[in-house]
Amino acid sequence: CGCEAVGTACDEGMHHAVVDYVSGVIAGSAAILTGYPFDTVKVRLQSLKGASYRGPLHCALHILRHEGISSLFRGVASPLVGGALETGLNYMLYERTYAFLTDRDPRLAQYSATYYLAGSTAGLGIAFVLSPIELVKCRMQVDAHGKHSSSLACLKDVIFRDGFRGLTRGLTATQLREIAGNGMFFWSYFAIKKQLSLRTSPESQTAASRVLCSILSGGVAGILAWTVMLPADNVKTNMQVKAGKFDSFLLAARHIYRRRGVRGFYVGLGTTLARAFPANACQWLVYELSSTKLRQLSTLQLSDETSL
């Protein structure tokens, strides 16, 4: 009986992990397509040539006039594939870390800091996957002259010039960004959602109100997370788009400060926050809907297997 109980628990844990991952992949794809044009403008503003633009709107109009609308999606293949898989990994690591912590000490479920700890842990894990994906993405986004025909061609060029170590450029900045930002992302989402839920009784909550709650919580969580993440993100962008110029986080950060002051770490803030609300609102809504549906299907499957 003990062995059967352990086996059942393992099966349930595996099912939950798969549901978390698949739901995250679906949500990540939706978020990336929603926010990518904003991200292209942000990266252009953060790059060394960003000072030539008067602001986000001027940058976006310049891209549309001189390069066409397709340039706003240049390099989307890399994050759409890799980023979607990374988002799936992010949600899976978060959910499994949170379950690990609260299963061993149920009292931790009472503290909102547990959301932050689980999110930060997941952020550290995904940084190793995210960093090379974003390196290719950033180089494609600043490639106004079409030097690389595709994300794969850009990836090959990085490996040819710098070896596989070149793919780790900006890893430290990515880790710092994700540990702080991912913790804020999950903590703020669940904290805001809890506060919104407390304002209405469970009986009065409808499907539409729950959807609106996810949209508002996800959008605001995205804004708060990116406000925390942007300084490290600016450093990361400068390290990744200019190979060999900045070999360390501190060197890149010092260059930004000398060139633009403290404001330099928040270049692209307007564009980032404009993207953060719709992209993350969409991501959380799709994740909640996908995970709910997949958990229902998973529960039915487990029930059928148990009955057999």
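Note that the structure is predicted; figures quoted are calculated from it, not measured. In this numbering scheme, every chain counts its residues from 1 along its sequence in written order. Where totals are concerned, whole chains, interfaces and linings use all residues; where local detail is concerned, this predicted model gives features only for residues with pLDDT of at least 70, and gives and counts side-chain atom pairs only at 80 or more. Side-chain metrics rest on all non-hydrogen atoms present in the structure, leaving aside hydrogens and water.

Visitor: I would appreciate a short explanation of the pattern of salt bridges in the present structure.
Guide: For this document, the term salt bridge refers to a Lys or Arg side-chain nitrogen within 4 Å of an Asp or Glu carboxyl oxygen. Counted by the stated rule, this structure contains 15 salt bridges. Notably, a salt bridge pairs Arg295 with Asp20, separated by 2.6 Å at the nearest N-O pair. Residue Arg295 is found in helix α9 (residues 269-307), and its partner Asp20 is found in helix α1 (residues 2-46); the two are separated by 275 residues along the sequence. Taking the shortest distance from any N to any O, the salt bridge between Arg177 and Asp233 comes out at 2.6 Å. Pair noted here: Arg177 is in helix α6 (residues 171-198) and Asp233 is in helix α7 (residues 207-241), with a separation of 56 residues, a long-range link. Elements are defined by DSSP. Helices are runs of H or I of four residues or more, strands are runs of E of two residues or more, and each kind is numbered from the N terminus.

Visitor: How should I be thinking about the packing of helix α4 (residues 113-141) against α6 in this particular structure?
Guide: The angle between the axes and the distance between the axes are what describe a pair of packed helices. Convention adopted: a line fitted to C-alpha atoms gives each axis, helices being fitted over their contacting stretch, and angles between N-to-C directions are expressed from 0 to 180 degrees. Contact geometry of α4 with α6 gives a least axis separation of 6 Å together with a crossing angle of 140 degrees. By the angle class used here, α4 and α6 are oblique. Crossing handedness for the pair α4 and α6: right-handed. The class makeup of the residues in the contact of α4 with α6 is 16 nonpolar, eight polar and three charged. When describing relative orientation, an angle under 35 degrees is termed roughly parallel and one over 145 degrees roughly antiparallel, while 65 to 115 degrees is termed roughly perpendicular and anything else oblique. Helix crossings fall into two classes, left-handed where the near helix is turned counterclockwise from the far one by less than a right angle and right-handed where it is turned clockwise. Residues are sorted three ways: Asp, Glu, Lys and Arg are charged, Ala, Val, Leu, Ile, Met, Phe, Trp, Tyr, Cys and Pro are nonpolar, and all the rest, Gly among them, are polar.

Visitor: Where do I start with the confidence of the model for the protein in this structure?
Guide: Keep in mind that low pLDDT regions are not for reading the predicted coordinates in detail. pLDDT gives the predictor's per-residue confidence on a scale running from 0 to 100. Confidence in the prediction of the protein, expressed as mean pLDDT, is 86, and 91% of residues score 70 or more. Confidence, expressed as mean pLDDT per element, reaches its minimum in the protein at α1 with 78 and its maximum at α6 with 94.

Visitor: What am I meant to see in the state of the cysteines here?
Guide: Disulfides are defined as pairs of cysteine sulfur atoms found within 2.5 Å of each other. Throughout the structure, instances matching the rule amount to zero disulfides. The thiol of Cys213 is unpaired, and the distance to the nearest cysteine sulfur, on Cys282, comes to 16 Å.

Visitor: Mind showing me how you'd approach the packing of aromatic side chains here?
Guide: Aromatic ring pairs are defined here through the distance separating the ring centres and the angle between the ring planes. Aromatic contacts are taken between Phe, Tyr and Trp rings whose centres are within 6.5 Å, Trp giving its six-membered ring; a plane angle under 30 degrees counts as stacked, one over 60 as edge-to-face, and the others as tilted. For the structure on display, the rule yields 16 aromatic pairs. Ring centres of Tyr94 and Phe190 lie 5.8 Å apart, and the angle between their planes is 15 degrees; on these two criteria the pair is classed as stacked. Here Phe190 lies in helix α6 and Tyr94 lies in helix α3 (residues 77-104), a separation of 96 residues in the sequence. Note on exposure labels: buried denotes an accessible area under 20% of the residue type's maximum, exposed denotes more than 50%, and partly exposed covers the range between, all computed with a 1.4 Å probe on protein chains only. With a relative accessible area of 2%, Tyr94 lands in the buried category. A ring is considered to have a charge above it if a Lys NZ or an Arg CZ atom is located within 6 Å of its centre and within 35 degrees of its normal. In this structure, Arg275 packs its charged tip against the face of Trp226, placed 4.6 Å from the ring centre.

Visitor: What's the story with α7 in this structure? I'm lost.
Guide: Structurally, the α-helix is built with 3.6 residues per turn, so residues lying three or four positions apart point the same way. For α7, with 35 residues, the first-to-last C-alpha span of 44 Å runs short of the 51 Å given by 1.5 Å per residue. Maximal helix bending in α7 amounts to about 50 degrees, located at Leu230; proline Pro231 follows within four positions. To estimate how far a helix should reach, multiply one less than its number of residues by 1.5 Å. One axis is fitted to the seven residues ending at the residue and one to the seven starting there. The bend at that residue is the angle between these axes.

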